[in-house]
Amino acid sequence: MLNVGVIGCGGMGRDHISRLTNKIQGAQVVAVCDVFEESAKKAASICNAKVYTDEKLLINDPDVDAVFIVSPGFAHVEALLEAIQAGKRIFCEKPLCTTAEDCLKVVQAEVASGKHLIQLGFMRRYDVGYAKVKEALLSGEYGEPLMLHCTHRNPEVGTNYNTPMAVHDTAIHEIDVLHWLVDDEYESAQVIMPRVTKYSHSELKDPQIMLLRTKKGVCIDVEVFVNCKFGYDINCEVVCEDGAIKMPMATVYPTIRKNASVSTTIDTDCFVRFKDAYDAEVQAWVDDAAKGEINGPNAWDGYLAAITADALVKAQQTGAIEKINAAVEKPDFYNK
Ligand SMILES: NC(=O)C1=CN([C@@H]2O[C@H](COP(=O)(O)OP(=O)(O)OC[C@H]3O[C@@H](n4cnc5c(N)ncnc54)[C@H](O)[C@@H]3O)[C@@H](O)[C@H]2O)C=CC1
Ligand SMILES: O=C1[C@@H](O)[C@H](O)[C@@H](O)[C@H](O)[C@H]1O
């Protein structure tokens, strides 16, 4: 049994605690931590675990075999470095860190430890819809991918959500999954700012159109619209030389005809849209731990996503096409 300590007991933290407690085989939550004791106590009631308000104490608790980091992105770097030093296995929610510089520190610390410790919560790689698109691309039947048209729409976000978060909190999912899908690397990034919705505020430009070009010349557009109001709407279409592949939804809803209209359901949040993907990524992490392996998205994937995110955040300010370059070569450690 893998004894897990969870850091961060907000919406996603509680979702993962319920999953680890009620669905996942081979793991149990033995400790939870939140800077707000009340939040930690509320989460502990789901799983009957020890309560901490200091993440360092949880990480170094000898009863904790593995650390699950679900604090906000800006807080990940400290927890990651502490957990690597303690030699604990780690599942870290996206983003690895909010800057490429911090991601590199984490990569270098993991390499120096000599052990693969980190799996990153890029759960879209485990989603049935993206998997079907990848399968179609790998079949070779449709030729090479040329263009991708994607949307990442959320019904609404909190008032503390700002313009850069559209990249490192939201589009970070597309940044990871799309280059994985077409098996390519990013070369440049640009952001176009349309008219701002009346539902936004002074610190958030919403919506945004993010443009990415890969090294092989694939052009990708991602509409990020986090106050779209109508639902949680994730779409992806890959246009290839001999056909176009549109991602199916994980849940198929019926089409209803009533009162002279036709309608179908759209999910309203990621917890429903990606629930099977979250279950699959966490079960894989637990199964790999039993074999002493890490096979999911790793810290290097987190670093690659972060250099792309940094270029997009710069492009939000400059409006120019920004180059994407890694500061270091991929360490051999991540080829194993
Ligand atoms: N994969 C996915 O689709 C999703 C991933 N996430 C990720 O999960 C993480 C958490 O997101 P939410 O739960 O939505 O945020 P949240 O703000 O609801 O919760 C974060 C919690 O962490 C606590 N916290 C902050 N710093 C801490 C520290 N140093 N030690 C212990 N607790 C600390 C806060 O008090 C809060 O209770 C983020 O990295 C976010 O990007 C969130 C939603 C979906
Ligand atoms: O990761 C997530 C949130 O943190 C983020 O805020 C949302 O925009 C994403 O849709 C969701 O998947």
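Computed from a prediction, not measured in an experiment: that's the story for all the values here.

A separate point is the overall build of the chain. Counting secondary structure elements, the chain contains ten helices and 15 strands. The C-alpha radius of gyration computed for the chain amounts to 20 Å, which stays within 12% of the reference 20 Å derived for 336 residues, consistent with globular compactness. With respect to the three principal axes, the spread of C-alpha positions in the chain is 55 × 55 × 45 Å. Within the span of the chain, comprising 336 residues, buried residues form 44% of the whole.

So, on to the sheet that holds strand 7 (residues 145-153). Here we have seven strands laid out as an open sheet, ordered 12-11-7-10-9-8-15, and mixed in their pairing. At either end of the open sheet lies a strand with only one pairing partner, and these are strand 12 (243-246) and strand 15 (322-323). The strands that helix 10 (residues 299-318) touches are strand 8 (186-192), strand 9 (208-214) and strand 15; relative to strand 8, the one it contacts most, it runs at about 35 degrees.

As a matter of local geometry, ligand 1 sits amid 25 residues, with Gly-8, Gly-10, Met-12, Ser-71 and Glu-93 nearest to it. If one sorts the elements of the shell around ligand 1 by residue count, helix 1 (residues 11-22) sits on top with three residues. By residue class, the composition of the shell around ligand 1 is twelve nonpolar, eight polar and five charged.

Right, let's get into the environment of Asp-301. Take Asp-301: it is sitting in helix 10. On a C-alpha basis, the gap between Asp-301 and Val-177 in space is 10 Å, while along the polypeptide they are 124 residues apart. Not counting residues within four places of it along the chain, the set of residues in contact with Asp-301 comprises Leu-120, Phe-122 and Asp-176.

Attention now moves to the sheet that holds strand 2 (residues 27-33). An order of 3-2-1-4-5-6 is seen for the six strands of this open sheet, with the pairing classed as parallel. Both outer strands of the open sheet, strand 3 (50-52) and strand 6 (118-120), are each paired with one neighbouring strand and no more. With direction set aside, neighbouring strand axes in the sheet form an average angle of 25 degrees. Sheet analysis places strand 2 next to strand 3, joined by three bridges and oriented parallel. In the sheet register, Val-32 faces strand 3, and the bridge partner there is Val-51.

Lining the immediate surroundings of ligand 2 are Asn-154, Asp-169, Thr-170, His-173, Val-226 and Cys-270. No other element matches helix 7 (residues 165-182), which puts three residues into the shell around ligand 2. Among the residues making up the shell around ligand 2, the classes are represented as two nonpolar, three polar and one charged.

Looking at the assigned domains, one finds that the chain contains domain 1 (2-123 + 277-297) and domain 2 (125-273 + 306-323). For domain 1 versus domain 2, the separation of C-alpha centres amounts to 26 Å. Contact with domain 1, which involves 16 residues of that partner, is made by 14 residues of domain 2. For the side of domain 1 that touches domain 2, the elements supplying multiple residues, two or more each, are helix 5 (100-113) and helix 9 (275-290). For the side of domain 1 that touches domain 2, the element with the most residues is helix 9, which contributes three residues.

Once that is clear, we can look at the nonpolar core. Ranked by internal contacts, the top residues of the largest apolar core, which has 98 residues, are Val-32, Ile-90, Tyr-303 and Leu-312. The dominant element in this core, judged by the number of residues it contributes, is helix 10, at twelve residues. Split by domain, the residues of this core number at least three in each of domain 1 (2-123 + 277-297) and domain 2 (125-273 + 306-323). What Ile-90 contacts, discounting residues up to four positions off in sequence, is Ala-66, Val-67, Ile-69, Leu-80, Ala-83, Leu-117 and Ile-118.

Attention shifts here to the UniProt feature "domain: Gfo/Idh/MocA-like oxidoreductase N-terminal" (unreviewed entry) in the chain. Here the UniProt-annotated "domain: Gfo/Idh/MocA-like oxidoreductase N-terminal" (unreviewed entry) positions come out as residues 2-117. Within residues 2-117, the helical portion is 45% and the strand portion 21%, while the C-alpha atoms at the span's ends are 14 Å from each other.

This next bit is on the packing of helix 5 against helix 10. Following both chains from N to C, one finds helix 5 and helix 10 inclined at 165 degrees, their axes separated by 8 Å at the closest point. Between helix 5 and helix 10, the interaxial angle falls into the category roughly antiparallel. The two elements helix 5 and helix 10 cross, and the hand of that crossing is left-handed. Where helix 5 abuts helix 10, its residues Ala-100, Cys-103, Leu-104, Val-106, Val-107 and Glu-110 lie against Ala-299, Trp-300, Gly-302, Tyr-303, Ala-306, Ile-307 and Asp-310.

Now for helix 7. Residues that lie three or four places apart on an α-helix share one face, since the helix turns once every 3.6 residues. Here helix 7 contains 18 residues, and its C-alpha end-to-end distance of 25 Å stays within 8% of the 26 Å for a straight helix at 1.5 Å per residue. Of all the bends in helix 7, the greatest measures close to 65 degrees and is centred on Ala-171. With 17 of its 18 residues buried, helix 7 lies for the most part within the structure. Taken from the residues just after helix 7, Asp-183 is the one with a positive phi, measuring 50 degrees.

Rules behind the numbers
- Residues numbered from 1 in each chain as written.
- Chains lettered and ligands numbered in written order.
- Predicted model: local features only at pLDDT ≥ 70, side-chain atom pairs only at ≥ 80, totals over all residues.
- Helix = DSSP H or I, 4+ residues; strand = E, 2+ residues; numbered from the N terminus.
- Rg over C-alpha atoms; globule rule 2.2 N^0.38 Å.
- Buried ≥ 20, exposed ≤ 12 C-beta atoms within 10 Å, placed from the backbone.
- Pairing = 2+ DSSP bridges.
- Contact = placed C-beta atoms within 7 Å.
- Axes fitted to C-alpha atoms, helices over the stretch in contact; angles between N-to-C directions.
- Near = placed C-beta within 6 Å.
- Nonpolar A, V, L, I, M, F, W, Y, C, P; charged D, E, K, R; others polar.
- Domains from an automatic or database assignment.
- Core = buried A, V, L, I, M, F, W, Y, C linked by C-beta atoms within 7 Å.
- UniProt positions renumbered as here; feature names shortened; annotations may be inferred.
- Parallel < 35°, antiparallel > 145°, perpendicular 65-115°, else oblique.
- Left-handed = near helix turned anticlockwise from the far one by under 90°.
- Expected span 1.5 Å × (residues − 1).
- Bend = angle between axes of the 7 residues up to and from the residue.

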